[in-house]
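Coordinate inspection notes
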Amino acid sequence: MGSLLRGEEMCLAQLFLQSGSAYDCISELGELGLVEFRDLNPNVNAFQRKHVSEIKKCEEMERILGYLLREIKKANISVPERDMNPVAPSPKSILTIMEQLQRLEVELGEVTRNKEKLQKNLLELTEYTHMLRITRNFVQRSAEREPLHVQYEEFPFLEKDTRMDYSSMQRLGAKLGFISGLIQRAKIEAFERMLWRVCKGYTILSYAEVEEYLEDPDTGEPTKSVVFLISYWGDQIGQKVKKICDCYHCHLYPYPSSNNERNDVVEGLRTRIQDLYTVLHRTEDYLRQVLIRASESVYTWMVQVKKMKAIYYILNLCSFDVTNKCLIAEVWCPVNDIPELRRALEDGSRKSGATVPSFVNRIPTTDTPPTLIRTNKFTSGFQNIVDAYGVCSYREINPAPFTLITFPFLFAVMFGDLGHGVLMTLFAALMVLHENNRKLKNTRNEIWNTFFEGRYIILMMGLFSIYTGLIYNDCFSKSLNIFGSGWSVKAMFDANVWKLFYYRDSDVTANTYLTLDPNTSRVFHGPYPLGIDPIWNLASNRLTFLNSFKMKMSVILGIIHMTFGVILSSYNHIYFRKKYNLYLVFLPQLLFLMCLFGYLVFMIVYKWLVFSVTDSSFAPSILIHFINMFLMQRDAGDARGAPRPLYPGQTGLQVFLVVIAVLSVPVLLLGKPVYLNWFKNGSRRHVGMYRGYERVRRNSDEDLILLRNHDEEEGSSHSDFSSSGENVSEEFNFADELLHQAIHTIEFCLGCISNTASYLRLWALSLAHAQLSEVLWAMVMRVGLRMDTRLGVLFLVPVFGVFAVLTVSILLIMEGLSAFLHALRLHWVEFQNKFYGGTGVKFCPFAFSLLPSSLEHDGLL
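Described below are features of the structure shown in this document.

About the cut-offs
Residues numbered from 1 in each chain as written. Predicted model: local features only at pLDDT ≥ 70, side-chain atom pairs only at ≥ 80, totals over all residues. Heavy atoms only, no water. Helix = DSSP H or I, 4+ residues; strand = E, 2+ residues; numbered from the N terminus. Buried < 20%, exposed > 50% of the residue type's maximum accessible area, 1.4 Å probe, protein only. Contact = heavy atoms within 4.5 Å. Areas by Shrake-Rupley, 256 points an atom, 1.4 Å probe, with all protein chains shown as cover. Phe/Tyr/Trp six-rings, centres within 6.5 Å; stacked < 30°, edge-to-face > 60°. Lys NZ or Arg CZ within 6 Å of the ring centre and 35° of its normal. Lys, Arg positive; Asp, Glu negative; His and termini not counted. Salt bridge = Lys/Arg side-chain N within 4 Å of Asp/Glu carboxyl O. Polar contact = N/O pair within 3.5 Å; in protein donor to acceptor, adjacent residues only side chain to side chain. Pairing = 2+ DSSP bridges. Axes fitted to C-alpha atoms, helices over the stretch in contact; angles between N-to-C directions. Patch = residues over 30% accessible without salt bridge, like charges linked within 9 Å, V, L, I, M, F, W, Y side chains within 5 Å. Parallel < 35°, antiparallel > 145°, perpendicular 65-115°, else oblique. Nonpolar A, V, L, I, M, F, W, Y, C, P; charged D, E, K, R; others polar.

Points about the overall build of the chain
- Looking only at helices and strands, the chain features 27 helices and 11 strands.
- Burial analysis of the chain (861 residues in total) assigns 44% to the buried set.
- Long-range pairs, those at least 24 residues apart, make up 82% of the contacts in the chain between residues at least 6 apart in sequence.
- Accessible surface, the chain: about 47,900 Å² in total, of which carbon and sulfur atoms supply 58%.

Regarding the packing of aromatic side chains
- For the structure shown, the criterion picks out 38 aromatic pairs.
- Centroid distance F626 to F630: 5.2 Å. Interplanar angle 90 degrees. Geometry classified as edge-to-face. Linking F626 with F630, this pair stays in helix α20 (residues 622-631), spanning four residues, or about one helical turn.
- Members of the aromatic cluster, each reached through a chain of ring pairs, are Y389, F402, F564, W828, F831, F835 and Y836.
- We note R6 situated over the ring of Y575; from NZ or CZ to the ring centre the distance is 4.1 Å.
- Cation over ring: R455 sits above F452, and NZ or CZ is 4.6 Å from the ring centre.

Thoughts on the side chain of D533
- Following the sequence through the fold, D533 ends up in the loop between α17 (507-510) and α18 (542-575).
- At 11 Å, R542 is the nearest oppositely charged side chain to D533, a buried residue that forms no salt bridge.
- A polar contact of 2.8 Å, which involves the side chain of D533, links it to the backbone nitrogen of G486.
- Polar contacts involving the side chain of D533 include one to the main-chain amide nitrogen of I535, which spans 3.0 Å.
- If near-sequence neighbours (up to four positions away) are discounted, D533 is found in contact with N473, S485, G486, W487 and Y528.

Here's the deal with the sheet that holds strand β8 (residues 251-253)
- Here we have four strands laid out as an open sheet, ordered β4-β7-β3-β8, and antiparallel in their pairing. With partners counted over all chains shown, the strands left at the sheet margins are β4 (203-209) and β8, one partner each. If you compare each strand with its neighbour and ignore which way they point, the axes differ by 25 degrees on average.
- Summarising the sheet, strand β3 (residues 176-184) and β8 pair through three bridges and their orientation is antiparallel. Bridging from a neighbouring strand, L182 pairs with H251 of β8.

Some words on a nonpolar patch on the surface
- Among the surface-exposed residues, L772, V808, I810, I813 and M814 lie close enough to one another that they form a single nonpolar patch of about 420 Å² accessible area.
- No other element matches helix α26 (residues 791-831), which puts four residues into the nonpolar patch.
- Tracing the backbone shows L772 in helix α25 (residues 761-785).
- Residue L772 is classed as partly exposed on the basis of its relative accessible area, which comes to 36%.

A look at the side chain of K550
- Looking at where K550 falls in the secondary structure, it is placed in helix α18.
- Of the side chains with opposite charge, D474 comes closest to the buried, unpaired K550, at an N-O distance of 5.8 Å.
- Looking at K550, its side chain comes within polar contact range of the side chain of S766, at 2.8 Å.
- Discounting chain neighbours no more than four positions away, the residues touching K550 are Y472, W763, S766, L767 and A770.

Concerning the environment of C475
- Within the fold, C475 resides in the loop between α15 (455-472) and α16 (490-494).
- Accessibility expressed as a relative area gives 19% for C475, which makes it buried.
- A C-alpha to C-alpha distance of 4.7 Å links C475 and L418, two positions 57 residues apart in sequence.
- Beyond its immediate chain neighbours, meaning those up to four positions away, C475 contacts D417, L418, G419 and L480.

Topic: the pattern of salt bridges
- Counted by the stated rule, this structure contains 23 salt bridges.
- A salt bridge links R38 to E330; the shortest N-O distance between them is 3.5 Å. Remark: E330 occurs in strand β10 (residues 326-334) and R38 occurs in the loop between β2 (36-37) and α3 (52-74); sequence separation between them is 292 residues.
- A relative accessible area of 25% places R38 in the partly exposed class.
- Given a relative accessible area of 16%, E330 falls into the buried group.
- A salt bridge links K842 to D387, with the nearest nitrogen and oxygen atoms 3.7 Å apart. Pair noted here: K842 is in the loop between α26 and α27 (854-857) and D387 is in helix α10 (residues 380-389), with a separation of 455 residues, a long-range link.
- Its relative accessible area of 44% is what places K842 among the partly exposed residues.
- Overlapping salt bridges bring together E8, D337 and R374 as one network.

Comments concerning the pairing of strand β7 (residues 225-233)
- For β7, a buried count of nine out of nine residues is recorded, marking the element as mostly surrounded by other parts of the structure.
- Here β7 shows no split at all, with S225, V227, L229, S231 and W233 on one side and V226, F228, I230 and Y232 on the other all buried.
- Inspection of the sheet shows β3 paired to β7 by nine bridges, in the antiparallel sense. Bridge pairing links F178 to S231 in β7.
- Here seven bridges tie β4 to β7, and the two strands are oriented antiparallel to one another. Paired with S206 across the two strands is L229, which belongs to β7.

What to know about the packing of α25 against α26
- α26 packs onto α25 with a crossing angle of 170 degrees between their chain directions and a minimal axis gap of 9 Å. Of the possible angle classes, the one that applies to α25 and α26 is roughly antiparallel.

Notes on unusual backbone geometry
- In this structure, N473 is a non-glycine residue whose phi angle is positive, near 55 degrees.
- Along the chain, N473 turns up in the loop between α15 and α16.
- Residue N473 is classed as buried on the basis of its relative accessible area of 7%.
- One non-glycine residue, R577, adopts positive backbone phi at about 60 degrees.

Digging into the pairing of β10
- With respect to burial, β10 is a largely interior element, nine of its nine residues being buried.
- Side chains C326, I328, E330, W332 and P334 of β10 all project onto a buried face; the interleaved residues L327, A329, V331 and C333 project onto the opposite face, where all are buried too.
- Two strands pair when backbone bridges link them, and strand β1 (residues 10-18) and β10 are joined in this way by nine bridges, in the antiparallel orientation. Bridge pairing in β10 places A13 opposite V331.

Considerations on the environment of E107
- Looking at the secondary structure, you find E107 in helix α4 (residues 93-134).
- Counting along the chain gives 180 residues from E107 to L287, while the straight-line C-alpha distance between them is 9.3 Å.
- For E107, the residues in contact, after removing those within four places along its chain, are Y286, V290 and R293.

Focus on the environment of E396
- For E396, the position within the fold is in the loop between α10 and α11 (400-415).
- In this structure the C-alpha to C-alpha distance between E396 and N572, which are 176 residues apart in sequence, comes to 6.4 Å.
- Of note is the side chain of E396, whose polar atom sits 2.9 Å from the backbone nitrogen of S393.

Things to note about the packing of α10 against α11
- It is at 9 Å that the axes of α10 and α11 come closest, and there the two elements cross at 100 degrees. As summarised for this structure, α10 and α11 are arranged roughly perpendicular, according to the angle between their axes. In contact with F382, Q383, I385 and V386 of α10, α11 contributes A400, T403, L404, F407 and P408.
- Classifying every residue of the contact of α10 with α11 gives seven nonpolar, two polar and no charged.

Written as structure tokens, this is what we have:
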């Protein structure tokens, strides 16, 4: 809890690593994830560092692994997921792994190329077969079809029969030729148009569509193709036709000159296709065996290459000492992990067989350390909510432990519904129960990943929604009468306040609405044991009653929440030894908030407790009294129209509270700048003499540095929260400090008003959620329930389906997201700005488990 409240205490340390054991030591540190390395070569280009060649080899191995994984994924072979975590291989093993991967890449490349060639040949033979089959009837050589009266035609037209007539061609005295092949169906119209325009009618095009889908060799997708036969005469026309076919990427095949030749070609093609199928199946089997063998080791290779690359990257951040025999690294490390860090260095030195062990040395620094807050799977989601606003400053109060409760509670205040809370809880409970399922954790759906990472947040929001739903007594817009209502209708008849129905002038028949009088004996037995009485669900003034209740509740919760934030700021002032902030900042803020808005909460609670049913009609308005408090009007209980006081002496107390609140503003505005200016100019000389005496007593400057470092570790730093309360910067500027404090004063004073009004969103969203739920029930579910025929049961099934879909989509998802965002705003703006700086830097340890892989980023794993 201490780490979650303030974060871990950090220190800067130097690692002295022997050249022979540096690789193994960093490997041990990467497995543990204890330290964050600093770059000691910031001015050296990334391509000029020592281990660039090793990093390039690792990148080359990553490229080969990516190629292997793509081929494995293409073959639908699953990569076995192993729970084992292989250690980083030794530097000597890089060449061995590199050779294995290169040999496997060459073998796989040859087999893949052979397979592609076989598939291409098979596709060509298949297309050739379709072409011969379809073009069999395109040309008919029949001399009997020659007409008796031959007429010379210079330009045959496409409107005529598409079948070629050799007699008419021979009359032209030109050499007749044929070009046949296949073209994609989408290109045939443009192809035909181009032939007509270019060849001027010296060609005849015949085509027919292939019934089967053929694989496109470029994309691998099945496409529809068209077989065509072009009859032309003249060599020049033939050259033009071939160029057009090349432009449209047609697959051309030789056309047989006779039927015998056609039959011989078809028979030969059939034999060759059967042989190709046999060879292709054997090639695919061998390729699959190679991929299965590679898939067994690819996960281990991937982890090892990732670790090797990370280690060499860290080695590039280190610097050499004067003798070039020792590497020096600077790391941020939690103070509590220093012993474990030493053991890791000892293990690395022992593993490498180094004669001189590596060691760690703590060094003083004036740099602000990074922030480390240890979380688990339950608290990590809430910590991410805080970090989205800003990372905690070093050793600052962390809002996450309090957000664990306040965030789901404020969400539930706006989302309070028992039924919706149960559905949300069940959804979150299913994710929690299956949180170790790899398929759920490693999906590429960002929306699902967001829900899954926040499963414990959703679970807490659902549980608190169940609680507030019980308080509101609201379940799908209906109330639950569990303990029995505290109101009795029978008592109104027993007391003869209402006349029974058998009277001629009966109140029951004459009035649409009747009012229950709690002053009548036995009408009101007492409050409902848990939440709001279910009889209010039937009342005509239900909305008025709930609005008053929820509005006052929102104001009370908001002021308590803001006051808690102001109180938390005092712990920061005490921890960072800025005690003057307690008197000059914290106390005026608390007085201003409590004297005005704390008094408002007091009036609300006082009115609830003091005024009962008998004198409720004489209860004064809190809003009028709160306005009169600022106007400082005296009680005039006897004057006509004057508000009745809540208690005796109310005016004097209100004047006193307003005066205290007004006086706290100049203290908040001028107190801190004036004190710091006095401390700098008035007492600097005395402090300097004291510190000079301390310096004389120190034996060396190193002792003084260590003393300062000890002070910083005890709570001092150079930030606003981390500088010592008795240390004032040499560059102190009174005008800047006054301007800074004026901004904070105006922000706080105006923020108390605006933030209090902002908490009314709790009331508004709660009302909106309840009304939407009621409208959905009245317009959908009630329609199905009112059907009293036999078909009503059957009609109720689709009605319930519509009701369920609308409930999940609108009331759970949309309204839940709206309440989530408003609860987020209340924490970021209204709560955290009272004490939280959020200007820190997150601690990023060197850990193999946190390093992303390029293969994982590409979705190959």
